[in-house]
Structures are given as structure tokens and as C-alpha cells.
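Listed below are the residues making up each chain.
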Amino acid sequence: MSILIKDSLIISQDKGRKVKKGDIYIEDDVIAEVSERISTEAEYVLTGKMVMPGLINTHTHLPMTLMRGYGDDLTLEEWLTTRIWPIESKLNEDMIEAGTRLALLEMIATGTTTCNDMYFFEDTIARTCKKMGMRCFAGFSIIDFDTPEMKKEMLLPECEKFIRKWRGDELIKPVVAPHSTYSCSPETLQKASELAEKYGTMLHTHCSETRKEVYDVVERYGARPLEQLERNGMLTEKTMLAHCGWITKEEVRQIARAGACVSHNPVSNMKLATGGFTPLPELFDAGACVTLGTDGAASNNKLDMFETMKFAALIHKHHRWDAQIVTAQQTLDMATVNAASYLGINAGSIEEGKKADLICLDMDMPNLAPMHNPISHAVYAASGFNVSSTIIDGRAVMLEREFPYFDKQKIIEEAEKAKEKLVSNDAKQSTN
Ligand SMILES: [Zn+2]
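Residues numbered from 1 in each chain as written. Predicted model: local features only at pLDDT ≥ 70, side-chain atom pairs only at ≥ 80, totals over all residues.

(A) Quick peek at the nonpolar core. In terms of nonpolar packing, the biggest core is built from 129 residues, with Ala138 and Val176 touching the most fellow members. Broken down by element, the residue count for this core peaks at 10 residues, all from helix H2 (residues 93-109). Split by domain, this core shows at least three residues from each of two domains, domain 1 (2-53 + 347-398) and domain 2 (55-343). Once you skip the residues sitting within four places of it in the chain, Val176 turns out to touch Phe140, Ile142, Cys159, Ala192, Leu195, Ala196, Thr201 and Leu203. (Core = buried A, V, L, I, M, F, W, Y, C linked by C-beta atoms within 7 Å. Buried ≥ 20, exposed ≤ 12 C-beta atoms within 10 Å, placed from the backbone. Helix = DSSP H or I, 4+ residues; strand = E, 2+ residues; numbered from the N terminus. Domains from an automatic or database assignment. Contact = placed C-beta atoms within 7 Å.)

(B) Looking closely at the packing of H2 against helix H3 (residues 122-132). With their axes 9 Å apart at the nearest point, H2 and H3 run at an angle of 40 degrees to one another. It follows that H2 is oblique to H3 by the angle criterion. Relative to H3, H2 is oriented so that their crossing is right-handed. Contacts between H2 and H3 pair Glu93, Ile96, Glu97, Thr100, Arg101 and Leu104 from the former with Thr124, Ile125, Thr128, Cys129 and Met132 from the latter. Taken together, the residues of the contact of H2 with H3 break down into five nonpolar, three polar and three charged. (Axes fitted to C-alpha atoms, helices over the stretch in contact; angles between N-to-C directions. Parallel < 35°, antiparallel > 145°, perpendicular 65-115°, else oblique. Left-handed = near helix turned anticlockwise from the far one by under 90°. Nonpolar A, V, L, I, M, F, W, Y, C, P; charged D, E, K, R; others polar.)

(C) Focus on the confidence of the model for the chain. Here the chain averages 96 in pLDDT, while 98% of its residues score no lower than 70. Throughout residues 427-432 the model reports pLDDT below 50, and contacts reaching past four residues in sequence, or to other chains, amount to one contact. (pLDDT = per-residue confidence, 0-100.)

(D) Expanded view of the sheet that holds strand E7 (residues 112-119). Strands sit in the order E6-E7-E8-E9-E10-E11-E12-E13 across an open sheet of eight strands; the sheet is parallel. A strand with exactly one partner marks an edge of an open sheet, and here the two such strands are strand E6 (55-60) and strand E13 (289-292). With direction set aside, neighbouring strand axes in the sheet form an average angle of 25 degrees. Across the sheet, helix H4 (residues 155-166) lies against strand E8 (135-142) and strand E9 (172-178), angled at about 160 degrees from E8, the strand it touches most. (Pairing = 2+ DSSP bridges.)

(E) Representation of helix H5 (residues 186-199). For H5, with 14 residues, the first-to-last C-alpha span of 20 Å sits near the 20 Å given by 1.5 Å per residue. Buried residues along H5 sit in contact with E8, H4, E9, strand E10 (202-207) and helix H7 (225-231). Gly200, located one to two residues past H5, shows a positive phi value of around 65 degrees. (Expected span 1.5 Å × (residues − 1).)

(F) Geometry of the packing of helix H12 (residues 328-335) against helix H14 (residues 374-381). Contact geometry of H12 with H14 gives a least axis separation of 9 Å together with a crossing angle of 70 degrees. Here H12 is positioned roughly perpendicular relative to H14, judged by the angle of their axes. Along this stretch, H12 crosses H14, giving a crossing that reads as left-handed. Together, Ala328, Gln329, Thr331 and Leu332 of H12 and Ile375, Ser376, Ala378, Val379 and Tyr380 of H14 make up the contact between the two elements.

(G) Layout of the domain arrangement of the chain. Assigned domains of the chain: these are domain 1 (2-53 + 347-398) and domain 2 (55-343). With 24 residues of domain 1 at the interface, the matching set in domain 2 holds 27 residues. Among the secondary structure elements, those contributing two or more residues to the side of domain 1 that touches domain 2 are H14, strand E15 (387-392) and strand E16 (395-398). Residue contributions to the side of domain 1 that touches domain 2 peak at five residues, all from H14. Across the side of domain 1 that touches domain 2, the residue classes tally to 13 nonpolar, seven polar and four charged.

Structure below.
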């Protein structure tokens, strides 16, 4: 496929963070040329857009779109134990596929080109991402109880099979994802880290999301969650730590020393009232990598990374009484270049030779006029639904708001049906 994007405003996210005017030519999966004027012919031609790197969502649980709005206005512990865990136990493969398809539709429609997922039935999720053209780091969940998919003792061996199956894939990268220190024993954490090391895969886990989690883990193991991860080989330069809302200054340094990465999920944290503030300024000062995630749609309730960027900048300004503490540029970096470099993908910026993972926004929208500063617009003014085209690995998975490879209406209808089944099963079980 070849795509020419003409007369655009390009937020390049290159080393100099330059914003340019000009054309972009994409051939196959690569950005072949970026210059003031390109006259090459192409299969698709787009004009007059604001173009930026596709957004990278580093913490999500794709099928949880089925539980969007199921269990609002609860704290994390109540939400998990009274709503989410009971309904999750009734999930089957068809529901997972329907929920994942809906999540991917929403992400593609709102400008996400890579996600770092973690859930049950991860092979089904990986297959669905591959089919719909999403770049996905697929985290096979490891936890110390039976999942709706399999018995707990099968999780590690099945995870190994999953890694062997997907490790050579261009779009899908298998990840080992032990859920957390409160739901995985030290032995499970150790085995998970050994498995990741054996195959050189990434690790993905929840860490210090709530104060209660920290207290519980200290009481059970005599160590805070981060220390518990480190003791069991889980704090490495390939570890994505979701949340870190309740970490100390020493833990900030520990994360930076280990070369691990923090995925900051401000919307989910605020909605679940976790009370913690992922210490971005301290993490930046320590030189740690920080990226952004939405978390699942059950605790957000959207997968719109534009909204997450805005919240990420605002929450810290407000909390520290300092409007400069997290800037628009730093925020955009977290959602693009920082995440791409940590995950090891040759994307995150618009430069010749980079993977063609990029998005186009329509500029003739009321919330994007007038234009003083494109970076400010991307972080503070834009919404995911300003995105008109999404290109992943050189493929236009959304082109001028049309989806050439899938049926939007059918995906929404099937998700609705899956949700009905899930809820009716739930009702049946709870009356027994
Ligand atoms: Zn999560």
C-alpha cells in the first residue's frame, strides 16, 4: 500500500521536536519520505491534515469494553470483588473476541496504534489484534487462581506455548503478565520472570495501585509491592509497571536504577479513587521512563488516549499547584516516543525510515480552531474523535472515518449481544 499525505501540519516528535509543514509519503510499512513537497503518485492521497505519531496505550485490558459502565462509583477493592471478578468468571472465548473487537474499533477510531494489553484468553486477543491490524504487546495473565479460561496450574505452561507461537510475529509481541504481588505468590512471580528471561520478552504487572494493596503486601510478605517484585526477579529493564500511585522517593530511584517503566493511568486511578499520585516529576528527574495507559474500559470508561494525555498533564499541575510541572510536550512524549523506545518499536515519531504508525486529525473542527500551538492542541484541545485516519504498519485501518477492513456496525452489535449474554449469565448465577 502507498499513501501520500499532502499539505499537512506534521508534529514530528523527532529529536528536535519539530513541527513542520509538508508532505509524507508512506510505502508499505515505512515512512519513505517527509519533505516540503512530494510529487510521487500513491494509491491513497489525503490532504490538509494535522499528522502526528499514533498514540501508544501501555496499560489496558481490551475485552473489558464489555463491562463499560458495569460497576461505576466504587473503590478498586469493591469494584473488583463485587462486580468485576464475579462477572469475569463467566467470560468465554466468543465474548472475549467481541469485546476485543470493540476495543480495537474504539482505539483505531481515536488514534491509538499500539497497545500493551494484559488479560485472560490472550491468544484470542492476539489473534483478533492481528486480524484487525493493531500493533499489540499481548500480556498473558498469570494469577494464583483459576481463570475463566483454564486451571491456575496450566497458566505458566500455556504462557510458554503462547510465547513460542507469537514470538516471531511482526505486529504481535507476546508478554508475560503476572497480575500483581497481591494475587501472585513469590514462587509464581519467580517462575514468570524466569519465563520472560528465557525468551527475552517484556513483563507487565500492576504495582502499588492503591494504599490498601501496599499495606496488604507489606503485612503478608514484609515488603512493599516494588520490593516484592525485585526480590522475585520481576524488576528489570523489560518490566512495565502499571500505576505506581503509591510509591516512595526511594522506590522512584529503584525503578530508574532498574531501567523499568511506569505506565501512568490517571483516568482509571481517579475514577477508582485510588488517592495516589504517580510521582511524574520525581520519575522524570530520576531519569525513569514513564508512559501512559487508559487501563480497561471498565474503570475509565473509554480507551481515548487524547483524554488520558489531558488528564495526565492536569492532575499533576493541580496537585502540585504548579502549571509547569508536567508540560504538553512531556505529555505527548509519554504517549509517543517514550513508549515506542521502551517497547523497542521503530515508531513514535514521523521520520524517514520509521514504521508508518501515524494518525491524521481534521483541522476544520470547532475545538481545533484557531491554531496557536499544535502541541498544545494535541494534548489540551483535541479529542480522539478528531482523528480521521489511522495508519498502523503502513496500513490505513481507518481512512477518512471509514474502516476498509471491518464492519463497524457489526462489531458494535456483536459486543452488545455478548454483553447481554454476560449479564444474563450473571443474573442466573447470582439468584442461585
Ligand atoms: Zn489494569
